[in-house]
Amino acid sequence: MGTIEMDPKLNDLSRILPRVLVVSRRTVRKNKFVDFVGEYHLDLIVRYGCVPVIVPRVTGVHMLLESFKPIHGVLLCEGEDIDPSLYESEISSLSPEELQEIRETHASDTAIDKEKDSIELGLAKLCLEQNIPYLGICRGSQILNVACGGTLYLDLEKELTNKLPEERRTNHIDYDNYDGHRHVVRIVENSPLHSWFKDSLDGDKMEILVNSYHHQGVKRLAQRFVPMAFASDGLMEGFYDPDAYNPEEGKFIMGLQFHPERMRQHDLDEFDYPGCPAAYQEFAKAVIAYQKKLNSSLSVPKTLKLDTEMENKRKILVRSFSLAKYMYVRGAPGKNSSKESELEVGAEFLEVNDH
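Residues numbered from 1 in each chain as written. Predicted model: local features only at pLDDT ≥ 70, side-chain atom pairs only at ≥ 80, totals over all residues. Heavy atoms only, no water.

**Student:** Please clarify how the overall build of the chain should be interpreted in this entry.
**Tutor:** Looking only at helices and strands, the chain has 10 helices and 13 strands in total. Here the chain holds 355 residues, and the buried ones make up 45% of them. Looking at the chain as shown, the accessible area adds up to about 20,000 Å², and 52% of this sits on carbon and sulfur atoms. (Helix = DSSP H or I, 4+ residues; strand = E, 2+ residues; numbered from the N terminus. Buried < 20%, exposed > 50% of the residue type's maximum accessible area, 1.4 Å probe, protein only. Areas by Shrake-Rupley, 256 points an atom, 1.4 Å probe, with all protein chains shown as cover.)

Structure (structure tokens):
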């Protein structure tokens, strides 16, 4: 059988497309751990011109993050509850019976994964320190908030929903209808979300229906962020850093609690609203711009530094040629042995380094 050769243009393309890191989530299949990432996220990254690089959730990876460079963007999206010890949780406000009930109700989410926490918090902090574009969906938005000093509700039903009148309560998760579940969010005017969904808003209501499935959420928003959307119960459903948001210049730091990538018509690939994929599109735009800036900074030629011996030879060579030119122009009748020795050194230098 003959080998299939890849189009050279595709090889070039795979080398130049910007890299977006996505951390996998662990599950059990056939009695073994396997890692996975939802394809909706990966598909949108590829669609808008980037290459997803999956960071495996395996022991020790949190110490190897530098090895994944160059990093042009980070998308964090799925996983279990974040370890409460990583933020200022008010765990004492819930009784042991309530905590046990939460673990039973949300069994698939309450198993803490400290390795994944370490990997994702490390990536989030790297993005914040180096201005790398970051998009957090669901858990990814919570990671971003915690990385910047914010806190979370341990359980929305216990700490928020049950304390509100019936008309303000919001159901943020439906285990029997993951994809079909929707609830209302109110978009903040003049925010990025507003620009993405403005053509779908009904007059001044500033509301859309979103898909979500989570039992935790932002309690205290980190100081650097600004809200973009709220659910009816007051829970923040989106936020961003206005000082780090300019996709055309490679700036993008944002968290969305809801799932725009899953807001699609039943059994169709069509989105509920034209603005649904905009977060990924603008994120990719920022990633591409960031890569260009990074490549530009790396391609700036640096001044060549010579060691002491080479520098001394260079200086002698320069003096020798200057002297030779002077003697030639002036036609000096006499010979100066010291000057001739300098000329000999220059000639020797040229011969040794003439490759």
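**Student:** Whenever I open this one, the environment of Val 226 confuses me. Can you help?
**Tutor:** By secondary structure assignment, the location of Val 226 is in strand 11 (residues 226-231). Residue contacts for Val 226: discarding those within four places in its chain leaves Leu 221, Gly 238, Phe 239, Tyr 240 and Pro 242. (Contact = heavy atoms within 4.5 Å.)

**Student:** Would you mind going over the sheet that holds strand 12 (residues 236-246) with me for this structure?
**Tutor:** Each strand in a sheet pairs with another by means of backbone hydrogen bonds, the pair being arranged parallel or else antiparallel. One open sheet accounts for nine strands, arranged 4-1-5-6-13-12-11-8-9; its pairing is mixed. Since the sheet does not close on itself, it has two edges, and those belong to strand 4 (51-55) and strand 9 (207-210), each with one partner. The average angle at which neighbouring strand axes cross in this sheet is 20°, direction not considered. Pairing of strand 8 (residues 183-187) with strand 11 involves three bridges; the strand directions are antiparallel. Residue pairing for strand 11: Val 185 is matched across the bridge by Ala 231. The sheet contacts of helix 4 (residues 114-130) involve strand 1 (19-23), strand 4, strand 5 (73-76), strand 6 (134-137) and strand 13 (251-256), and relative to strand 1 the element is tilted by about 150°. The strands that helix 8 (residues 278-298) touches are strand 1, strand 5, strand 6, strand 12 and strand 13; relative to strand 13, the one it contacts most, it runs at about 150°. (Pairing = 2+ DSSP bridges. Axes fitted to C-alpha atoms, helices over the stretch in contact; angles between N-to-C directions.)

**Student:** What am I meant to see in unusual backbone geometry here?
**Tutor:** One can expect most non-glycine residues to show negative phi and most peptide bonds to be in trans. At the junction of Lys 69 and Pro 70, the peptide bond is cis and its omega measures out at 5° in the coordinates. Structurally, Pro 70 can be placed in the loop between strand 4 and strand 5. Within the chain, Asn 190 stands out as a residue other than glycine whose phi angle is a positive 65°. As for its placement among the helices and strands, Asn 190 is situated in the loop between strand 8 and helix 7 (192-197). The exposure class assigned to Asn 190 is exposed, which follows from its relative accessible area of 65%. In this structure, Met 206 is a non-glycine residue whose phi angle is positive, near 55°.

**Student:** What should I look at first to understand the packing of aromatic side chains in this one?
**Tutor:** Working definition: an aromatic ring pair is given by the centre-to-centre distance plus the angle between the planes. Within this structure, the stated rule accounts for five aromatic pairs. Ring plane angle 50° and centroid distance 4.9 Å describe the contact between Phe 225 and Phe 239, whose orientation is recorded as tilted. Separated by 14 residues along the polypeptide, Phe 225 in the loop between strand 10 (217-220) and strand 11 and Phe 239 in strand 12 bring together distant segments of the chain. On the basis of an interplanar angle of 65° and a centroid distance of 5.6 Å, the ring pair of Phe 252 and Phe 283 is categorised as edge-to-face. (Phe/Tyr/Trp six-rings, centres within 6.5 Å; stacked < 30°, edge-to-face > 60°.)

**Student:** Where do I start with the pattern of salt bridges in this structure?
**Tutor:** Between side chains of opposite charge, pairing is possible as soon as their charged atoms come close. Following the criterion strictly, the structure yields 17 salt bridges and no others. Here Lys 114 makes a salt bridge to Asp 83, at a shortest N to O gap of 3.9 Å. Of the two residues, Lys 114 is situated in helix 4 and Asp 83 in the loop between strand 5 and helix 3 (96-105); the sequence distance between them amounts to 31 residues. For Lys 114, a relative accessible area of 57% translates into the label exposed. Across the pair Lys 219 and Glu 159 runs a salt bridge, and its minimum N-O distance is 3.9 Å. Taken as a pair, Lys 219 in strand 10 and Glu 159 in helix 6 (residues 156-159) lie far apart in primary sequence, 60 residues in all. (Salt bridge = Lys/Arg side-chain N within 4 Å of Asp/Glu carboxyl O.)

**Student:** Mind showing me how you'd approach the packing of helix 4 against helix 5 (residues 139-147) here?
**Tutor:** Helices that pack against each other are described as a pair by the angle of their axes relative to one another and the distance between those axes. Helix 5 packs onto helix 4 with a crossing angle of 65° between their chain directions and a minimal axis gap of 9 Å. As the angle between them shows, helix 4 and helix 5 are arranged roughly perpendicular. Taken as a pair, helix 4 and helix 5 cross one another with a handedness that is right-handed. For the pair helix 4 and helix 5, the contacting residues are Lys 116, Asp 117, Glu 120, Leu 121, Ala 124, Lys 125 and Leu 128 in the first and Arg 139, Ile 143, Leu 144, Val 146 and Ala 147 in the second. (Parallel < 35°, antiparallel > 145°, perpendicular 65-115°, else oblique. Left-handed = near helix turned anticlockwise from the far one by under 90°.)

**Student:** Any chance you could explain the confidence of the model for the chain here in plain terms?
**Tutor:** Atomic detail in the predicted coordinates should be set aside for any region of low pLDDT. Here the chain shows a mean pLDDT of 83. Residues at 70 or above account for 81%. Averaged pLDDT values for the elements of the chain fall to 53 in helix 1 (residues 8-16) and rise to 98 in strand 13. Note on residues 1-7: pLDDT under 50 across the span, and one contact to partners over four residues away in sequence or across chains. (pLDDT = per-residue confidence, 0-100.)

**Student:** How should the side chain of His 41 be read in this particular structure?
**Tutor:** Along the chain, His 41 falls in helix 2 (residues 39-47). When its relative accessible area of 2% is taken as the criterion, His 41 is described as buried. Once you skip the residues sitting within four places of it in the chain, His 41 turns out to touch Leu 75, Cys 77, Glu 78, Ile 137, Glu 261 and Tyr 280.

**Student:** Sorry, what's going on with the environment of Lys 219 here?
**Tutor:** Taking relative accessible area as the criterion, Lys 219 reaches 31% and is therefore assigned partly exposed. Sequence separation between Lys 219 and Tyr 153 is 66 residues, and the spatial gap between their C-alpha atoms is 5.3 Å.

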